[in-house]
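Residues per chain are reported as follows:
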Amino acid sequence: MDNMNLTLKIWRQKNAQDKGKMTDYNVTGISEHMSFLEMMDVLNEQLINSGDEPVAFDHDCREGICGSCSMFINGEAHGPVKGTTTCQLHMRSFSDGDTIYIEPFRAKAFPVIKDLIVDRSAFDRIQHAGGYISINTSGNTQDANATPIPKENADLAMDAAMCIGCGACVATCKNSSAMLFVGAKVSQYALLPQGQVESKMRAQNMVAQMDAEGFGNCTNTGACMVECPKGIDLSNIARLNRELLSGSLT
Amino acid sequence: MATLDGKIPAGPIKDKWTLYKDMVDLVNPANKRNIDIIVVGTGLAGGSAAATLAEQGYNVKAFCYQDSPRRAHSIAAQGGINAAKNYQGDGDSVHRLFYDTVKGGDYRSREANVHRLAEVSTNIIDQCVAQGVPFARDYGGLLDNRSFGGVLVSRTFYAKGQTGQQLLLGAYSAMNRQIARGKIQMFNRHEMLDLVIIDGKARGIIARNLVTGEIERHSAHAVVLGTGGYGNVFFLSTNAMGSNVTAAWKTHRRGAYFANPCFTQIHPTCIPRSGDYQSKLTLMSESLRNDGRIWVPARLEDVEAIRSGRLKPTAIAEEHRDYYLERRYPAFGNLVPRDVASRAAKERCDAGFGVNATGEAVYLDFAAAIVRYGEEQATIKGEKDATDVRIKELGKSVVEAKYGNLFDMYKQITADNPYETPMMIYPAVHYTMGGLWVDYNLMTTVQGCYAIGEANFSEHGANRLGASALMQGLADGYFVLPYTIGGYLSKDIRTGKISTDSPEFAEAEANVKQKLESLVNNKGTKSVDYYHKKLGNIMWNKCGMSRNEQGLMEAMTEIAELRDDFYKNVSVPGGAYELNQELEKAGRVADFLELGELFAKDALDRNESCGGHFREESVEVGGPQDGEALRDDENYAYVSAWEFTGKPSDAVLHKEQLEFNDIELKQRSYK
């Protein structure tokens, strides 16, 4: 379909202090081959040409890997298609005449900056608290093949490391919990021999920062895993809890 | 026309870097605490540099326009990273990686830099594994490798189809450790809008806080640009939407020479464009060419039937397919370098064999690989009587394990299933080999201003080999710059804190504010994207995969006219001192409108075909290489470094003559 007409209900908020509200727009001539953000480009071009302010939204790579885009579409983080970021969502998932609700990723720890842009720097601060292995760049580390790593562990570490830090898990969770995000990072390192040395401390420090940022607790609903565009598995939260528990016992 | 000194150290090529490191001046730890370094950009180059410099004890201020350093566009690199580890025992060595890179770059890179890159490549893999980068491994627990274009060995390390992501997250983790220690002060959502030079030395930047719109002064003893490439001058490219040339261009305007701007990589395997609304193009990793075979129909009637939907590609018999890369380049086949593969696709499509509605697409077919892997699996599993269906099923699971996420991405974008029907691909702008001119120390022609990674010009010559961008970014940031910058800063230990309260800072700030205000006050009638798309069209049609004198001259005129029109008629809603994404775009497009003209001027000057730069006037005639690119070493074995003098069209050319002492200059044959 090359000529869809859509009604968009979009969250507009001038700045962090503004109260904000939903505003209605119409767009026409939308092709099913457009990405969702290209549809937003059409809307913004329309707004600019009529002298209005375009809708502000985060986006960059537009190929599903940078984690910038963050829209809550029709009540779902990144919209209706599983395993897909907003930028990879295409208009063929919608029909002519549809009304689409577009909101920012909402959470106490993700305050709105403007329109659909939220501040996710809390995620960075959690990483500062322990999202690393403490080694310097020397050029004298041991040979990369000196320590074989079972393929299974390497693959599981990679699965956890695929997290793009978009925050869909937080936006989806009824408690605004960041456990899937933290669990993914803790798991990546816990599964690799290089990460073992600091493993217990890391889990404690990152969780403490997560709590300080105002993210909620995990009640094992599992919505985060369903909405995660990279399919990060719930078992990573179990692994995080294991690291946390064993760390607090010693 | 002056000549440029690359400051290449003396000695045999194998020893240059070692001797350099032995002799370079060092800064003692107590003094490092008193030295500030600004790093702009947090991709593989900027991120790794910021982390390493902070580890060494310098005070680092790092800037990125994204909301987190983890989102820099290095994150999108898919295929892998090269290193001369020779884990496969297939004859690889530092020399061979050096040789392949110089040859792949069509002999337009600096030998000494490339050799250094090959030397440190092995350290990168060690470092990344120690950081917890989850590279792919085999069942014995050791690291796995794959092959990339333009080489005869398997030296590419990878993490699924997301190697750039994993390497960047590694550098990001190293940064996080230093941010936590307070050694890196991180400025997210900040964009550098000018370089400040005091007494001939780079001493700071003017940055705009993209959330508040405030203009800020930041001082330092040295400024490092890891700001990436300028592929978005074409509007459509595989770059992120925000990737831009502004930091590099402002630095150029302040005196840094811009080298080889016309050397652009047009990547052969991208998803074809689908309409005018298209905002960017998506790459399909080159690693797919390990197993995918590229073809178009051999008969025009089949092309027409496909375009009108009457025929499916899977129904075309083998003898009616033209596997044109295998036909033209039997030695390298589907794994020829990117520039060669792109031009060959364009040649077939220009001849009318393109397989989609726009006529700009060729097939990348995995059917043969699926059967080959399926038969192998059937043998391993002892299934002697496996049916064709079973063999395909087994083969698909192998292909899925190797390329699953790429196949999924293709399906998301096109709604076609590449396990069942061949992918459609077409070349797209991907990487820019040109960039700020730097010497062996990675310093630009502005004292104390460095350029690393894609932002500089040095290692890839006229064409970059696959999986070498990640290698260069991390080599520069982790292992090269931290040495070379020390030599410069060792002379700056008595300078003390640099004040931002100086006429130079005031002038730069006023200059930035005036430009921003004039853009928002212009109140024109056309959007920024309107101009960006127009510029992209000129660039693609006249400075794209194939260039000629007339087209390039036209491009220069048209871009200059478009730039005038932009300043008269552009409309930028909103204010200068608030979050304003249209204003961000406007500033970047204004710089692209200058760079584009210099790009065309450079391409016009270089009347030879080399690497990604193909001049129609310079081709082989007759013989086995008939129609291939013809390089002219006698007249063009130099780096073009352009000095800004007020207008791009008036830029002054400086030449750095390239000397090849260790590698013989030869025609680059992949036949």
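Treat the numbers as computed from the prediction; the structure is a model and nothing was measured. (Residues numbered from 1 in each chain as written. Chains lettered and ligands numbered in written order. Predicted model: local features only at pLDDT ≥ 70, side-chain atom pairs only at ≥ 80, totals over all residues. Heavy atoms only, no water.)

1. Points about the domain arrangement of chain A
Residues and elements named next belong to chain A.
Thinking step 1. According to the domain assignment, chain A contains domain 1 (4–114) and domain 2 (121–249).
Thinking step 2. Using C-alpha coordinates to define each centre, domain 1 is positioned 29 Å away from domain 2.
Thinking step 3. Listed by partner, the interface residues are 20 residues for domain 1 and 20 residues for domain 2.
Thinking step 4. Here domain 1 packs against domain 2, burying approximately 1,400 Å² in sum over the two surfaces, 59% of which is carbon and sulfur. (Domains from an automatic or database assignment. Contact = heavy atoms within 4.5 Å. Buried area = accessible area lost by both parts, 1.4 Å probe.)

2. Topic: helix α14 (residues 503–520) of chain B
All names here are of chain B.
Thinking step 1. The end-to-end C-alpha separation of α14 is 26 Å, in line with the 26 Å expected for 18 residues at 1.5 Å each.
Thinking step 2. Regarding α14, the residues found buried are Phe-505, Ala-508, Glu-509, Val-512, Leu-516, Leu-519 and Val-520. The buried residues of α14 occupy one face: seen down the axis, they fall within an arc of 100°.
Thinking step 3. On its buried face, α14 sits against β6 (190–198), β7 (201–209), β8 (215–219), α16 (549–569) and α17 (581–605). (Helix = DSSP H or I, 4+ residues; strand = E, 2+ residues; numbered from the N terminus. Expected span 1.5 Å × (residues − 1). Buried < 20%, exposed > 50% of the residue type's maximum accessible area, 1.4 Å probe, protein only. Arc of directions from axis to C-beta.)

3. Focus: the interface of chain B and chain A
Thinking step 1. Listed by partner, the interface residues are 77 residues for chain B and 71 residues for chain A.
Thinking step 2. For the chain B and chain A pair, buried surface summed over both sides reaches about 6,000 Å², with 50% attributable to carbon and sulfur atoms.
Thinking step 3. Contact with chain A buries area across many residues of chain B, yet B:Arg71, B:Tyr277 and B:Gln412 alone supply 12% of it, more than any other trio.
Thinking step 4. Our count for the contact surface shared by chain B and chain A stands at 5 salt bridges.
Thinking step 5. Run the count over chain B and chain A and you get 46 residue pairs in polar contact (both at pLDDT 80 or more).
Thinking step 6. Among the secondary structure elements, those contributing two or more residues to the side of chain B that touches chain A are α3 (44–56), α5 (111–131), α6 (163–180), α12 (388–414), α13 (469–489) and α17 of chain B.
Thinking step 7. If you tally residues by element for the side of chain B that touches chain A, the top one is α6(B), at 9 residues.
Thinking step 8. Residue composition of the side of chain B that touches chain A, grouped by class: 30 nonpolar, 31 polar and 16 charged. (Salt bridge = Lys/Arg side-chain N within 4 Å of Asp/Glu carboxyl O. Polar contact = N/O pair within 3.5 Å; in protein donor to acceptor, adjacent residues only side chain to side chain. Nonpolar A, V, L, I, M, F, W, Y, C, P; charged D, E, K, R; others polar.)

4. Some details on the domain arrangement of chain B
Residue and element names in this part refer to chain B.
Thinking step 1. The domain architecture assigned to chain B consists of domain 1 (269–428) and domain 2 (503–637).
Thinking step 2. If you look at the interface, domain 1 gives 10 residues, while domain 2 gives 9 residues.
Thinking step 3. One can count 1 salt bridge joining domain 1 with domain 2.
Thinking step 4. Note that Glu-628 is salt-bridged to Arg-328, the shortest N-O span being 3.0 Å.
Thinking step 5. Of all the secondary structure elements, the ones that give two or more residues to the side of domain 1 that touches domain 2 are α10 (338–353) and β15 (423–432).
Thinking step 6. No other element matches the 4 residues that α10 contributes to the side of domain 1 that touches domain 2.
Thinking step 7. In terms of residue class, the side of domain 1 that touches domain 2 is built from 3 nonpolar, 1 polar and 6 charged.

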